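Structural description and commentary
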Amino acid sequence: MHGSLQVAAWEFRKTIRNRAVLVSTFLFPLLLVALSVLVPVLVERIGADRTYEIGVVDETQFILPVLENELADTVYRLRARDDLEAAEEELLAGELVGVLIISEEGLAHGAAEYWVRRAEDSPPDTVARALTKAVQETRLEAAGLDPEEVLPLTADVSLLTQPRAAPERTVGDLAVSMGLAFLLVLATLIIGGVVMNSVIAEKTSRTVEIILSSISPRELLLGKVLGYGVLGILQVMVWAAVGLVAATRFLPGIWTALTPAVVATALAYFVLGYLFVSSMYALLGAVLRDLQSSSQVVSWIAIIPAVPLFILSFIIQFPDAGWVRAMAHIPPFTAATMLFRTAVTDVPVWEILSTLAVLALADYLLVRLAAKVFQVGMLMYGKSATPREVWRWLRHREGARS
Amino acid sequence: MEVLQVDSIEKRFDGVVAVNGVSFSACRGEILGLLGPNGAGKTTAIRIIMGIMRPDRGVVRYRLNGEWGELDKRRVGYLPEERGLYPDARVLDLLVYFARLKGVPHAEARRRALAELEDFDLAPWAHRRVEQLSKGMQQKVQFITALLHRPDLVVLDEPFGGLDPVNQEVFQGLIRRLRDENVAVLLSAHQMNLMEELCERIFLIHRGERVLYGTLSEIKDSTDEHIVRFRFSGDAELLAGIAGLDDLRTDGDQAWGRLPATVDPAPFLRSLPQGLGLQEVSVRRPPLHDIFVSTVKGGDDAR
């Protein structure tokens, strides 16, 4: 293991000094937080100064003052207009956002016309509600009743939905666990890709033979996986911390969702899933000549671990469906599927254990297999291996010792 | 003292024989030359010795810690033919890393790397990136990586490749220094003149098999023939009448040819015609280059 640790430390130090990595680790999330704080402030700033003018042609003569009173505290300003054609011109010229036409006849049918410029412009709800209230008030007054007494008596009743079963997940819990799942799945795929590039770079820089004369292929493989894994965990931690800080602004008390059990389960899937994906990518890197020669087959294989992301909405909707549970036991899909399942539902402990066991076994086998491919593939310069060649290496006793 | 025994190793790739029943040994304080045309199986044999590949048959034994046993990768140094360094890494970091992989403690690795860089006139480059170094400098850095951990056995695969004559001489000196430090050196190269100057013993491999193996003089003796060279001022026509000389060639006032083993040089010299006006005559064992070419060609013709 000594060799693996040396390789891991080397890769870690080499990468952490890379400016691009530093930027993506620390600056990128900070930028996101800055934006999430700045944008609402900016929107408020810009929106506050703006008012919208609506032309009102009031044939009744008495609705407009009441309506004006109702809309006094909003962004809408009413402008009395007598001439419909002049009002239409102003509307088309963009000086007015709408023209409201209040007529006795219309009100008798419970309606008022609202002109907009284009079909897709809709009348503002605020204005519609205010008009309803203004009409009700004038009618009540005309009937000799006090609106302040009557209106509360006729107020709408709305239904407040209250689920009685014990809540499985609160919004905060869901946000945290889904965020964590996304973060870990994406990190796995991204770092796996980095491992593949590093393996290819090792090949093209031709240092591999010196390395392999010092340590075994398996030590080299594990060293790379370990080095970038630690780096990845560090990145995820920075991002998660920043994400939580940002989220606390909107969902206070979000921290409580991160129980030790939740974190431990997520990390277990992350570590084992990362080991699988990165070994797989490392294996692909070992058979490729260079970055440009990623063949069709390879790019299809590389997509496999991302499949759960494509069908994420189904997994979230039916986390306990038979096929989702089956998928959770297929190693390349296990980590991502289970991270999302555990995020949205309570998965039985035995299923967590069985999927972890399957994944751990698959990791063990894949690392052995990748080390075998490494032994031959890494020494092959100038050409990519064909799937048939790789199959032959695996059956060959080459590398049995490593 | 022997530190390496290669015993009847055999290796096939997809049914094609790369190395077939090859055996040789290497001793401390000796430079063993591994010769052979391209694709003869040299690099495969070296990779087997370095533990990068496993032979299909045969064994390699090592005496790296005083006892015969398995390969201890920390006790061998290697300069592979396919070589490179991380272009974006700094020279000192790289040397320390490779030494760490060989089990040298960090502080010690750093101390030795700085000392070697000083020795190789590379001290000002210690903190530069590898890509900023010239090719010759990079090759020196690679050479340092092969010996920084003080190995008992060093394998150098084509160390002169791409070097100018000045640097070739520098590397010759370095290889001799290793030998003088009682390291066993296994040297594979194409530069016959350099091999002849450096190696005590030669192993010639062709088509995966041993063709010649022994000390340089043994190999020269085994050829049983001499190369005769003349410089003359007389009648060139007379050359045609010289009996017993094969492959006679002339160029101006010079001529040379092969004297088969069956011909004794002394009577031959006496039999040279008077009118030739001889100025110089030499009778020598053929150079390694000729032995190599004729052995390899002869082997191919016999097939």
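If you're wondering where the values come from, they're calculated on a predicted model, not measured in any experiment. (Residues numbered from 1 in each chain as written. Chains lettered and ligands numbered in written order. Predicted model: local features only at pLDDT ≥ 70, side-chain atom pairs only at ≥ 80, totals over all residues.)

**Digging into the overall build of chain B**
Within chain B, the regular secondary structure consists of nine helices and 14 strands. Each of the three principal axes of chain B carries a C-alpha extent, and together these read 75 × 45 × 35 Å. Per-residue burial over chain B gives 37% buried out of 303 residues. Relative to all contacts within chain B whose residues are 6 or more apart in sequence, the contacts with residues 24 or more apart total 69%. (Helix = DSSP H or I, 4+ residues; strand = E, 2+ residues; numbered from the N terminus. Buried ≥ 20, exposed ≤ 12 C-beta atoms within 10 Å, placed from the backbone. Contact = placed C-beta atoms within 7 Å.)

**Brief notes about the domain arrangement of chain B**
Looking at the assigned domains, one finds that chain B contains domain 1 (2-86 + 134-220) and domain 2 (224-284). Just the C-alpha atoms count here: the centres of domain 1 of chain B and domain 2 of chain B sit 39 Å apart. (Domains from an automatic or database assignment.)

**Some remarks on the pairing of strand β1 (residues 52-58) of chain A**
Residues and elements named next belong to chain A. Taken together, the five bridges between β1 and strand β2 (residues 76-80) define a ladder with parallel strand orientation. For Glu-53, the partnering residue across the bridge sits in β2 and is Arg-77. Summarising the sheet, β1 and strand β3 (residues 98-102) pair through five bridges and their orientation is parallel. Bridge pairing in β3 links Ile-54 to Gly-98. (Pairing = 2+ DSSP bridges.)

**Remarks on the packing of helix α10 (residues 217-248) of chain A against helix α11 (residues 260-287) of chain A**
All names here are of chain A. The contact between α10 and α11 brings their axes to 10 Å, and the two run at 130 degrees. Relative to α11, α10 is oriented oblique. In this structure, the crossing between α10 and α11 has a hand that is right-handed. The segment α10 lies against α11, with Leu-221, Lys-224, Val-225, Tyr-228, Gly-229 and Gly-232 engaging Tyr-274, Leu-275, Ser-278, Ser-279 and Ala-282. Residues that form the contact of α10 with α11 fall into these classes: six nonpolar, four polar and one charged. (Axes fitted to C-alpha atoms, helices over the stretch in contact; angles between N-to-C directions. Parallel < 35°, antiparallel > 145°, perpendicular 65-115°, else oblique. Left-handed = near helix turned anticlockwise from the far one by under 90°. Nonpolar A, V, L, I, M, F, W, Y, C, P; charged D, E, K, R; others polar.)

**What to know about the nonpolar core**
Note on soluble globular proteins: their nonpolar side chains tend to be buried together. Within the largest apolar cluster, 141 residues are counted, with the highest numbers of intra-cluster contacts made by A:Ala282, A:Leu339, B:Leu95, B:Leu153, B:Val155, B:Val185 and B:Leu187. The dominant element in this core, judged by the number of residues it contributes, is α11(A), at 15 residues. Excluding residues that lie within four positions of it along the chain, B:Leu153 makes contacts with B:Val3, B:Leu4, B:Ala26, B:Leu64, B:Arg75, B:Val76, B:Ala184 and B:Leu186. Counting residues in each nonpolar core, the second largest holds 18 residues, with A:Val56, A:Leu96, A:Ile102 and A:Ala134 among its members. (Core = buried A, V, L, I, M, F, W, Y, C linked by C-beta atoms within 7 Å.)

**Some points on the interface of chain B and chain A**
With 20 residues of chain B in contact, the opposing surface of chain A contributes 18 residues. The element that contributes the greatest number of residues to the side of chain B that touches chain A is helix α2 (residues 91-101) of chain B, accounting for four residues. A class-by-class count of the residues in the side of chain B that touches chain A yields twelve nonpolar, two polar and six charged.

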